[in-house]
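Structure assessment
Here's the letter readout for the chains.
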Amino acid sequence: MVALKLFNTQCGVTEVVPRLAEVEADIQGLVEAHMETMLGVTFLAGEYVIDCVDGGRIDSLGLDENGAPVIIEYKRGTAAGVINQGLYYMAWLTAHKDAFRNLVRDRLGVTAASQILWSAPRLICVAGDFTRYDAHAVREHRRSIDLVRYRYFGSGHFGLETVASVTGQLAASQRVRRRVAGLPTARWQGGAMTELAAAVDEALVGLGGGITRVQRKQYTAYQRLRNFACVCPPQQTKLLVYLKADPKEVDLVPGFTRDVTGLGHHGTGDLEVQLRTERDLERAQDLFRLSYAAA
């Protein structure tokens, strides 16, 4: 579980005691209006009608920071049936890739449509509450699922809290980590930078619970609901890590940290950290924690 994150979309005084929204549409509207800030997901469509025998409407469709398709389902109160409903829609989505690809192309362009990460579709369930059976159920599925509890404080004020987060790639990632950890240093084919990359992986995963990896060709993303770090493949003499920490809040050190706001690079995040030695990794720990908190 992560800390409650509050979002204020209006000025003025509001209630301080959380409560359920009057109707489900209130929460859906707030999330869709601020989806990129809150979830790291670009909004594509709401109440998306699916073409199948049983019919149905996907509450929200989006594309996350790594190009993965995202289905978001909402429940005003306890999430009875929302997980199974979302999994039903996910099965439809993966069987109708052309429909989603066309939607992405129309909203975001041809390039985004050609880079969809079909290996990691996600389901985010947003509800007033979940039971312990819900948290157990998501761990039994080989899908990427986030259970997110909302707290409503009145018009324009609400919070999100992660209750459970699993990824369909988690088991494979854990196997890779165990295999990497068990290799003697002498067997590293990539040398010191590959060894440093393994140490960075261990440091990032060890920041807290609910961290998942998403593997893309150009980088590995570490995320909670949103990316908080992206690690590029090792170069000959350095390893580049991009963080969500605000560069303006960091004392930049030439050759170690750099503000890349507005500059093109692989992965997400405006703070570039250049790692060359284990000493650099030690210096970066506070920045890792700052980015983890920011996500």
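This next bit is on the overall build of the protein chain. Across its full length, the protein chain holds nine helices and 13 strands. Relative to its 295 residues, the protein chain shows a buried fraction of 48%. Restricting to contacts in the protein chain with at least 6 residues of sequence separation, those with at least 24 account for 60%. Looking at the protein chain as shown, the accessible area adds up to about 14600 Å², and 50% of this sits on carbon and sulfur atoms.

As a further point, take the environment of Asp 64. Among the structural elements, Asp 64 can be located in strand 3 (residues 57-64). Each C-alpha atom, one on Asp 64 and one on Arg 226, is 8.2 Å from the other, the two residues being 162 residues apart in sequence. When sequence neighbours within four positions are dropped, the list of residues in contact with Asp 64 reads Gly 40, Val 41, Val 70, Arg 122 and Gln 223. In this structure the side chain of Asp 64 is engaged in a polar contact, spanning 2.9 Å, whose partner is the backbone nitrogen of Asn 66. Engagement of the side chain of Asp 64 in a polar contact is seen with the backbone nitrogen of Ala 68, the distance being 2.9 Å.

A word on the sheet that holds strand 12 (residues 257-259). Taken in spatial order, the six strands of this open sheet run 8-9-10-11-13-12, and their pairing is antiparallel. Looking at strand neighbours, the two that pair on one side only are strand 8 (212-215) and strand 12, the edges of this open sheet. Sheet twist, expressed as the average angle between the axes of neighbouring strands with direction ignored, equals 20°. With five bridges connecting them, strand 11 (residues 239-243) and strand 13 (residues 271-275) associate as antiparallel partners. The residue of strand 13 that forms the bridge with Leu 239 is Leu 275. Along the sheet, helix 8 (residues 192-205) makes contact with strand 8, strand 9 (220-223), strand 10 (227-231), strand 11 and strand 13, crossing strand 11 at roughly 25°.

Averaged over every residue, the pLDDT of the protein chain is 84; the share at 70 or more is 85%. By mean pLDDT, the top-scoring element of the protein chain is strand 13 (97), and the lowest-scoring one is helix 7 (residues 170-181) (41). Contacts from residues 10-15, a stretch scored under 50 in pLDDT, to residues over four places away or in other chains number 10 contacts. Confidence over residues 170-189 falls short of pLDDT 50; this stretch has 13 contacts with residues more than four positions distant or in other chains.

The rules we used
- Residues numbered from 1 in each chain as written.
- Predicted model: local features only at pLDDT ≥ 70, side-chain atom pairs only at ≥ 80, totals over all residues.
- Heavy atoms only, no water.
- Helix = DSSP H or I, 4+ residues; strand = E, 2+ residues; numbered from the N terminus.
- Buried < 20%, exposed > 50% of the residue type's maximum accessible area, 1.4 Å probe, protein only.
- Contact = heavy atoms within 4.5 Å.
- Areas by Shrake-Rupley, 256 points an atom, 1.4 Å probe, with all protein chains shown as cover.
- Polar contact = N/O pair within 3.5 Å; in protein donor to acceptor, adjacent residues only side chain to side chain.
- Pairing = 2+ DSSP bridges.
- Axes fitted to C-alpha atoms, helices over the stretch in contact; angles between N-to-C directions.
- pLDDT = per-residue confidence, 0-100.

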